[in-house]
Amino acid sequence: MMQSVCWTPAVCQRALQVVTPTIALGFRSPACFISNGRLYASHSAQAVLEKAASESTAEVKTATNMKVPSLESKSFAVSMFKGQLSTEQVFPFPSVLNEEQSQFLKELVGPVSKFFEEVNDPAKNDALEKVEDGTMQGLKEMGAFGLQVPADLGGLGLTNTQYARLVEIVGMHDLGVGITLGAHQSIGFKGILLFGNKKQKEKYLPSLASGEKIAAFCLTEPASGSDAASIKTTAVKSECGQYYTLNGGKIWISNGGIADIFTVFAKSQVKDETTGEVKDKISAFIVEKDFGGVTSGPPEKKMGIKASNTAEVHFDNVRVPADNVLGEIGSGFKVAMNILNNGRFGMAAALSGTMKGVISKAVDHAANRTQFGNKIHNFGAIQEKVARMAMLQYVSESMAYMISANMDMGATEFQIEAAISKIFASEAAWNVSDECIQIMGGMGFMKDAGVERVMRDLRIFRIFEGTNDILRLFVALNGFQNAGNQLKNIQKALKNPIGNAGLLVSEIGKRIKRRAGMSTGLSLKGVVHPELNSSGELTVKAIEELGGVVEILLLKHGKKIVDEQFVLMRVADSAIDLYAMVVVLSRASRSLSQGLPSAEHEKVLCETWCTETYARITKNMKELNSSSSKQLFRNLRAISKAVVENGGIVSAHPLGF
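To start, this report covers the structure provided alongside it. (Residues numbered from 1 in each chain as written. Predicted model: local features only at pLDDT ≥ 70, side-chain atom pairs only at ≥ 80, totals over all residues. Heavy atoms only, no water.)

### A few points about the overall build of the chain
- Assigned secondary structure in the chain consists of 23 helices and 14 strands.
- In the chain, the proportion of contacts linking residues at least 24 apart, taken out of those at least 6 apart, comes to 77%.
- On the chain, roughly 29,000 Å² of surface is accessible, and the fraction owed to carbon and sulfur atoms is 54%. (Helix = DSSP H or I, 4+ residues; strand = E, 2+ residues; numbered from the N terminus. Contact = heavy atoms within 4.5 Å. Areas by Shrake-Rupley, 256 points an atom, 1.4 Å probe, with all protein chains shown as cover.)

Structure below.
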């Protein structure tokens with residue numbers, strides 16, 4: 001019946017309920033990058049929907065005669081914001097290691113585990129506020145400082161998945177050591193791996209891989225918060241063009257006081273070859289301490305991760321050879337963003353290991369502690385805690401290895417997924433550790449139990465490598481960007497309805513069904529294991545609900561969606577929950593298909609997670625569509641404003657004095 005409709009632009013627009021100027025939208029890329037304790041979201045305020053500039057007559061004429069191409073992303077996270085289902089990167093749960101890689105990894109897992117169980121002493125490292133010298137030397141001898149450096153340059157040449165497995169072991173035993181290693185290779189010299197030229201790699205990577213030289217990543221400054229444009233460090237090119245003079249200071253730099261090689265971000269003048277205009281842009285430089293003029297402050301006194309070194313780093317008229325520009329001059333923003341996106345999955349892997357460790361402590365206590373004549377693991381209150389701890393660990397681990405596998409398979413779009421994994425794992429690990437202490441009671445609160453150290457170490461993970469608050473905005477705005485591009489394609493299709501009839505029929509059909517509360521036709525049957533079809537149906541419903549609400553919000557707010565942070569946070573929470581649903585659904589399906597001994601247990605984990613998570617997503621989506629949420633947001637804004645203006649609590653004391 002729909003095929004017989006006369007496809008005029010007016011008819012299409014009425015069916016879609018789209019006003020053309022409203023959907024002529026586009027995003028500037030949300031340019032977010034983070035350094036140690038601070039997330040830089042330069043231009044995040046511009047990473048929003050924008051009404052497109054009015055098209056020229058020629059452009060309109062061209063669009064009228066064009067058929068809109070289909071350029072669908074393979075990223076599940078990108079597609080879910082559009083109410084679409086892209087399964088290529090998530091089903092089946094990827095297995096990327098070949099036999100040789102698996103064997104090599106197995107040969108590493110045993111010795112690394114034994115080292116952290118028998119040699120490394122996390123309590124001693126914490127007390128010393130440094131990684132013990134013997135431990136550092138042992139890590140170097142094992143090759144732990146060059147896990148992903150190619151073998152021909154002195155490293156182990158591990159894939160992302162192999163790296164994740166070893167990082168998981170480190171995270172289980174000592175997060176302080178984990179930060180020392182991560183600051184060195186996950187961000188410290190990662191820029192050389194990703195953007196370095198052949199000469200730079202050959203010069204620096206061998207000594208960095210052996211641990212002879214230590215690396216650090218230098219971005220955060222005293223005056224710069226969430227805006228990279230406020231960086232004050234400068235790099236001035238010499239008249240001869242042979243070097244840059246670097247001046248400025250960085251704060252809260254992991255490995256800052258022990259590093260020999262620094263990846264430093266500074267402002268430099270760049271000439272636009274087209275316009276001739278000179279602008280200040282961020283550039284990345286490889287800086288050696290031996291260049292002279294590089295100094296560091298004393299180690300910072302921190303709440304946790306005390307074993308890692310954190311210090312200020314200062315650059316005073318440091319001459320950096322022009323050959324040490326990392327990437328192209330003026331491309332530092334891109335360099336930093338890629339470094340952080342590339343390494344973020346490792347945090348989820350490490351923290352899944354942390355959760356394994358504390359769950360073991362909690363279970364050991366629950367299985368042996370007797371109260372009221374019964375082992376406490378038999379009480380429902382304890383059972384619920386243990387079950388939820390296990391689910392959080394399962395989700396985090398599934399995310400980590402899904403993303404690492406996607407990267408190993410050559411995926412280029414994993415930024416949203418990586419950010420989600422960091423947010424989820426850092427919050428899950430905190431909750432799991434908190435519940436471990438609760439299960440252990442007073443014993444868990446004691447220093448000897450070791451969990452209080454884990455709690456202190458964990459607190460930073462919701463702050464560095466991107467604060468979870470800003471990363472939520474990053475996730476939501478990226479999602480809105482892609483959904484906005486889809487609406488823009490529909491706008492283009494409306495200019496030539498005959499040539500784009502198939503696209504328009506599909507889009508109109510989806511909206512009619514969505515409005516009627518019907519399925520838009522998405523399905524995971526035949527993709528998920530048959531025993532998990534009900535969980536698959538919940539996942540599909542959640543995708544449809546998220547896509548519908550995102551489109552409504554886009555049409556309602558347009559480019560002003562960037563200012564609706566109450567809305568963005570809730571959309572991000574739903575996106576995080578939805579990605580969590582699909583990764584556990586994929587992993588549990590694989591386990592059932594392979595007949596693993598843990599398959600039935602994983603099935604229960606998956607079903608429980610999907611049932612509860614779907615309820616949360618539905619609640620969030622309904623609230624975003626309700627008028628009561630607007631009043632709630634106004635109330636929250638008013639309360640915050642009053643407290644800030646008063647310099648603290650406004651309410652009168654109940655005793656009157």
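Moving on from the coordinates now.
### What about the pairing of strand β7 (residues 243-254)?
- Two strands pair when backbone bridges link them, and strand β6 (residues 234-237) and β7 are joined in this way by 4 bridges, in the antiparallel orientation. Bridging from a neighbouring strand, K237 pairs with Y244 of β7.
- The turn joining β6 and β7, which pair antiparallel and follow one another in sequence, is formed by 5 residues; a positive phi near 80 degrees is taken by G241.
- With 9 bridges joining them, β7 and strand β11 (residues 310-321) adopt antiparallel strand pairing. (Pairing = 2+ DSSP bridges.)

### Here we look at the packing of aromatic side chains
- Applying the stated criterion to the full structure yields 10 aromatic pairs.
- On the basis of an interplanar angle of 80 degrees and a centroid distance of 5.5 Å, the ring pair of F115 and F116 is categorised as edge-to-face.
- Accessibility expressed as a relative area gives 4% for F116, which makes it buried.
- Where F461 meets F464, the ring centres are 5.1 Å apart and the plane angle is 80 degrees; that geometry is what we call edge-to-face.
- Its end group placed over the ring of W430, R462 keeps NZ or CZ at 4.9 Å from the ring centre.
- The residue whose ring lies beneath R616 is W609, and the NZ or CZ to ring-centre distance is 5.3 Å. (Phe/Tyr/Trp six-rings, centres within 6.5 Å; stacked < 30°, edge-to-face > 60°. Buried < 20%, exposed > 50% of the residue type's maximum accessible area, 1.4 Å probe, protein only. Lys NZ or Arg CZ within 6 Å of the ring centre and 35° of its normal.)

### Quick look at the pattern of salt bridges
- According to the stated counting rule, one finds 26 salt bridges in the structure shown.
- For K198, the salt bridge goes to E202, with nearest N and O atoms at 2.5 Å. With K198 and E202 both in helix α11 (residues 198-210), this residue pair falls 4 residues apart, about one helical turn.
- Residue classification places K198 among the exposed positions, given a relative accessible area of 60%.
- A salt bridge links R616 to D577, with the nearest nitrogen and oxygen atoms 3.0 Å apart. Of this pair, R616 sits in helix α22 (residues 599-624) while D577 sits in helix α21 (residues 565-594), placing them 39 residues apart in sequence.
- Residue classification places R616 among the partly exposed residues on the basis of a relative accessible area of 35%. (Salt bridge = Lys/Arg side-chain N within 4 Å of Asp/Glu carboxyl O.)

### Focus: a positive patch on the surface
- Taken together, the side chains of K556, K630, R634 and R637 present a region of like positive charge at the surface.
- Considering each element in turn, the positive patch owes the most residues, 3 residues, to helix α23 (residues 627-646).
- Mapping R634 onto the fold places it in helix α23. (Patch = residues over 30% accessible without salt bridge, like charges linked within 9 Å, V, L, I, M, F, W, Y side chains within 5 Å. Lys, Arg positive; Asp, Glu negative; His and termini not counted. Charge placed at Lys NZ, Arg CZ, Asp CG, Glu CD.)

### Thoughts on the environment of S426
- Turning to its location among the elements, S426 is positioned in helix α15 (residues 415-440).
- On the accessibility criterion, S426 (0% relative accessible area) is buried.
- Residues S426 and A350 lie 76 residues apart in sequence; the distance between their C-alpha atoms is 9.8 Å.
- Leave out the neighbours within four places in its chain, and S426 touches L351, F461, R462 and N468.
- At a separation of 2.8 Å, a polar atom in the side chain of S426 contacts the main-chain carbonyl oxygen of K422.
- A polar atom in the side chain of S426 sits 2.9 Å from the side chain of N468. (Polar contact = N/O pair within 3.5 Å; in protein donor to acceptor, adjacent residues only side chain to side chain.)

### Structural notes on α11
- End to end, α11 covers 19 Å across 13 residues, agreeing with the expected 18 Å (1.5 Å per residue, within 8%).
- Considering bend angle alone, the principal kink of α11 is centred on Y204 and spans about 35 degrees; proline P206 follows within four residues of it.
- Within the sequence span of α11, burial applies to Q200, Y204, L205, S207, L208 and A209.
- Looking at the buried residues of α11, the elements they touch are α9 (175-188), α10 (190-195), β5 (215-218), β8 (261-271), β9 (278-288) and β12 (325-326). (Expected span 1.5 Å × (residues − 1). Bend = angle between axes of the 7 residues up to and from the residue.)

### As for the environment of S593
- Structurally, S593 is set in helix α21.
- A residue is classified by how much of its surface remains accessible, and S593, at 56% relative accessible area, is exposed.
- In the structure, S593 is positioned 64 residues away from H529 in sequence and 6.8 Å away in space, judged by C-alpha atoms.

### Points about the state of the cysteines
- Under the definition given, this model contains 0 disulfides.
- Of all cysteine sulfurs, the one in C606 lies closest to C610, which takes part in no disulfide; the gap is 4.0 Å. (Disulfide = S-S within 2.5 Å.)

### Quick word on unusual backbone geometry
- At the junction of F91 and P92, the peptide bond is cis and its omega measures out at -15 degrees in the coordinates.
- By the element assignment, P92 lies in the loop between α4 (76-80) and α5 (99-118).
- A positive phi is found at N317, a non-glycine position, where the angle reads about 50 degrees.
- Within the secondary structure, N317 sits in strand β11.

### Some words on the packing of helix α20 (residues 533-557) against α22
- With their axes 10 Å apart at the nearest point, α20 and α22 run at an angle of 20 degrees to one another. Here α20 is positioned roughly parallel relative to α22, judged by the angle of their axes. As for how α20 packs across α22, the hand of that crossing is left-handed. Listed contacts from α22 to S535, L538, T539, K541, A542, E545, L546, V549 and L553 of α20 are C606, E607, C610, T611, Y614, I617, T618, M621 and L624.
- When its residues are assigned to classes, the contact of α20 with α22 shows 11 nonpolar, 4 polar and 3 charged. (Axes fitted to C-alpha atoms, helices over the stretch in contact; angles between N-to-C directions. Parallel < 35°, antiparallel > 145°, perpendicular 65-115°, else oblique. Left-handed = near helix turned anticlockwise from the far one by under 90°. Nonpolar A, V, L, I, M, F, W, Y, C, P; charged D, E, K, R; others polar.)

### Section: the pairing of β9
- Where β8 and β9 come together, 11 bridges link them in antiparallel fashion. Note that in β9 the partner of F265 across the bridge is A284.
- Of the strand pairs in this sheet, β9 and β12 are connected by 2 bridges, and their pairing is antiparallel. By the bridge assignment for β12, F285 is matched with V325.

### Details of α5
- Given a rise of 1.5 Å per residue, 20 residues ought to cover 28 Å, and the 29 Å separating the end C-alpha atoms of α5 matches this to within 8%.
- The set of residues buried in α5 consists of L105, L108, V109, V112, S113, F115 and F116. In an axial view of α5, the angular spread of the buried residues amounts to 150 degrees, which keeps them on one side of the axis. In α5, the exposed residues that point more than 90 degrees away from the buried face are E99, E100, K106, E117 and E118.
- Of the surrounding secondary structure, the elements contacted by the buried residues of α5 are α7 (133-142), α8 (160-173) and α9. (Arc of directions from axis to C-beta.)

### Considerations on the side chain of N341
- Along the chain, N341 falls in helix α12 (residues 332-343).
- For N341, a relative accessible area of 6% corresponds to the buried category.
- A distance of 3.1 Å separates a polar atom in the side chain of N341 from a polar atom in the side chain of R344.
- Ignoring any residue separated from it by four or fewer positions in sequence, one finds N341 in contact with F414, Q415 and A418.

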